[in-house]
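If you want the building blocks of each chain, they are given just below.
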Amino acid sequence: MPKNMRRKVIAGNWKMNMLPNEAIEFISRLENEVKDTKNEVILCVPYIDLFYSLLAVQKTNIHVGAQNVFYEESGAYTGEISPKMLKCINVEYVIIGHSERRQYFAETDETVNLKVKASLKEELKPIVCVGESLEQKETGKTENVITTQTEKALKDLTGEDVRNTIIAYEPIWAIGTGKVASANDANESIKKIRGKIKELYGEDVAEDVIILYGGSVKPENAKELFSMSDIDGALVGGASLKVDSFSKIVNFDK
Ligand code: PEP
């Protein structure tokens, strides 16, 4: 693939929001707004909404993802959901290692890697989140933090596995705060992540892998961010909860 021919991907992360009836209504309104886009549209919804959302997106160009998964196939793990369970109802994507899960639910680089491997085994595509805290940014550790997180998340994967994985660079200080990284800074960080993938898997894989930016993306800043050489779209939190703002981000190129 020639350089910069990667598709654009806009993934919404609803977090712990939206009841099933709201999900169905959202999708029925979004469908019309995004039907002509060439960009890939993904909604990562709470578990309770998955089945309803999957029914609602039939005959649309909207894809559905989950927000977490466990790494074991089955067994005595009360409250957990396996990749096989997600796959069997046709879930395509799963967010792994979101900073909120790292912060509140003891997710580590090791569990992220186990979840990535278990998901790929079931052909469920991981959206792996990496990103530095404000303190790490201010002490000049961004590059080290994000490339180390990337390397650990992708440990033991093949090049093909990595091509089927999306990375989301999400500086923690920009998530839900209204503070967006400058397009240049976000692009530079994403280049560092792509550089690490090149070092580990070679140039072809690095050029193919989709790397998103996440952190206070809105209709007003999407176009500038997505025009950068290495930013292939966004993982969108707050602005994915309204059809109007999310569809404007998806249609940034209209
Ligand atoms: C997120 O939760 O992944 C995110 C990027 O949130 P927000 O867009 O609200 O900053």
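Please refer to the structure placed before this passage.
Residues numbered from 1 in each chain as written. Predicted model: local features only at pLDDT ≥ 70, side-chain atom pairs only at ≥ 80, totals over all residues. Heavy atoms only, no water.

Student: Help me out: how do you make sense of the overall build of the protein chain in this one?
Tutor: Of the regular secondary structure elements, the protein chain holds 12 helices and eight strands. Taken over C-alpha atoms, the radius of gyration comes to 17 Å for the protein chain, in line with the 18 Å a tight globule of 254 residues would show. In terms of overall dimensions, the protein chain has C-alpha extents of about 45 × 45 × 35 Å along its principal axes. Taken over 254 residues, the protein chain has a buried fraction of 52%. Restricting to contacts in the protein chain with at least 6 residues of sequence separation, those with at least 24 account for 71%. Counting every atom, the protein chain has about 12100 Å² of accessible surface; 51% of that belongs to carbon and sulfur. Measuring between centres, the 33 positive side-chain charges of the protein chain sit 2 Å from its 39 negative side-chain charges. (Helix = DSSP H or I, 4+ residues; strand = E, 2+ residues; numbered from the N terminus. Rg over C-alpha atoms; globule rule 2.2 N^0.38 Å. Buried < 20%, exposed > 50% of the residue type's maximum accessible area, 1.4 Å probe, protein only. Contact = heavy atoms within 4.5 Å. Areas by Shrake-Rupley, 256 points an atom, 1.4 Å probe, with all protein chains shown as cover. Lys, Arg positive; Asp, Glu negative; His and termini not counted. Charge placed at Lys NZ, Arg CZ, Asp CG, Glu CD.)

Student: What is the right way to look at the sheet that holds strand 1 (residues 9–13) in this model?
Tutor: Where strands meet in a sheet, backbone hydrogen bonds hold them as pairs that are either parallel or antiparallel. Spatial strand order, 1-2-3-4-5-6-7-8: eight strands in a closed barrel with parallel pairing. Between one strand and the next, the sheet's axes are offset by a mean angle of 25°, whatever the strand orientation. Against the sheet, helix 1 (residues 20–34) makes contact with strand 2 (40–44) and strand 3 (62–66), and its axis sits at roughly 165° relative to strand 2, the strand it touches most. Relative to strand 1, helix 12 (residues 243–250) is tilted by about 160°, and along the sheet it contacts strand 1, strand 2 and strand 8 (233–236). (Pairing = 2+ DSSP bridges. Axes fitted to C-alpha atoms, helices over the stretch in contact; angles between N-to-C directions.)

Student: Explain helix 9 (residues 183–201) to me, please; I cannot follow it from the model alone.
Tutor: An α-helical turn contains 3.6 residues, so any two residues separated by three or four positions project in the same direction. Taking 1.5 Å per residue as the helical rise, helix 9 with its 19 residues ought to reach 27 Å, and the 26 Å between its terminal C-alpha atoms agrees with that figure. Taken residue by residue, helix 9 has A183, A186, N187, S189, I190, I193, R194, K196 and I197 as its buried positions. Once helix 9 finishes, G202 follows within two positions and takes phi at roughly 90°, a positive value. (Expected span 1.5 Å × (residues − 1).)

Student: What exactly am I supposed to notice about the site of the ligand here?
Tutor: Lining the immediate surroundings of the ligand are 14 residues, of which K15, E170, G176, S216 and G237 lie closest. N13 has a polar side-chain atom sitting 3.4 Å from an oxygen atom of the ligand. For the ligand, an oxygen atom lies 2.9 Å from a polar atom in the side chain of H98. Protein burial of the ligand: of its 290 Å² of free accessible surface, 96% is covered by the chains. Within the shell around the ligand, the residues separate by chemical class into four nonpolar, eight polar and two charged. (Near = heavy atom within 4 Å. Polar contact = N/O pair within 3.5 Å; in protein donor to acceptor, adjacent residues only side chain to side chain. Nonpolar A, V, L, I, M, F, W, Y, C, P; charged D, E, K, R; others polar.)

Student: Hey, could you run me through the side chain of E122 in this one?
Tutor: Relative to the elements of secondary structure, E122 occurs in the loop between helix 5 (109–121) and strand 5 (125–130). Excluding its chain neighbours within four sequence positions, the residues that come into contact with E122 are P83, K84 and K87.

Student: Looking at this structure, how should I read the packing of aromatic side chains?
Tutor: Aromatic rings in a pair are described by how distant their centres are and how their planes are angled relative to each other. Within this structure, the stated rule accounts for six aromatic pairs. When the centroid spacing of 4.4 Å and the interplanar angle of 35° are considered together, the rings of F70 and Y71 count as tilted. Residues F70 and Y77 carry aromatic rings whose centres are separated by 5.0 Å and whose planes lie at 55° to one another, so their mutual orientation is tilted. Members of the aromatic cluster, each reached through a chain of ring pairs, are F70, Y71 and Y77. In this arrangement the basic side chain of R101 is found over the ring face of F105, its NZ or CZ atom lying 4.3 Å from the centre. (Phe/Tyr/Trp six-rings, centres within 6.5 Å; stacked < 30°, edge-to-face > 60°. Lys NZ or Arg CZ within 6 Å of the ring centre and 35° of its normal.)

Student: Just to check I follow, could you spell out the layout of surface pockets for this structure?
Tutor: Over the atoms, a rolling probe the size of a water molecule traces out where space has been left empty. Each pocket or cavity is described by its volume, and for the largest pocket that value is around 400 Å³. Contributing to the lining of the largest pocket are 14 residues, with K15, M16, Q67, R101 and F105 lying nearest its centre. If one sorts the elements of the lining of the largest pocket by residue count, helix 4 (residues 99–104) sits on top with three residues. A breakdown of the residues in the lining of the largest pocket according to their chemical character gives seven nonpolar, four polar and three charged. (1 Å grid on protein atoms, 1.4 Å probe; cavity = no way out; pocket = protein on both sides within 12 Å on 5 of 7 lines; lining within 4 Å. Points joined across faces, edges and corners; volume = space filled by probe spheres on them.)

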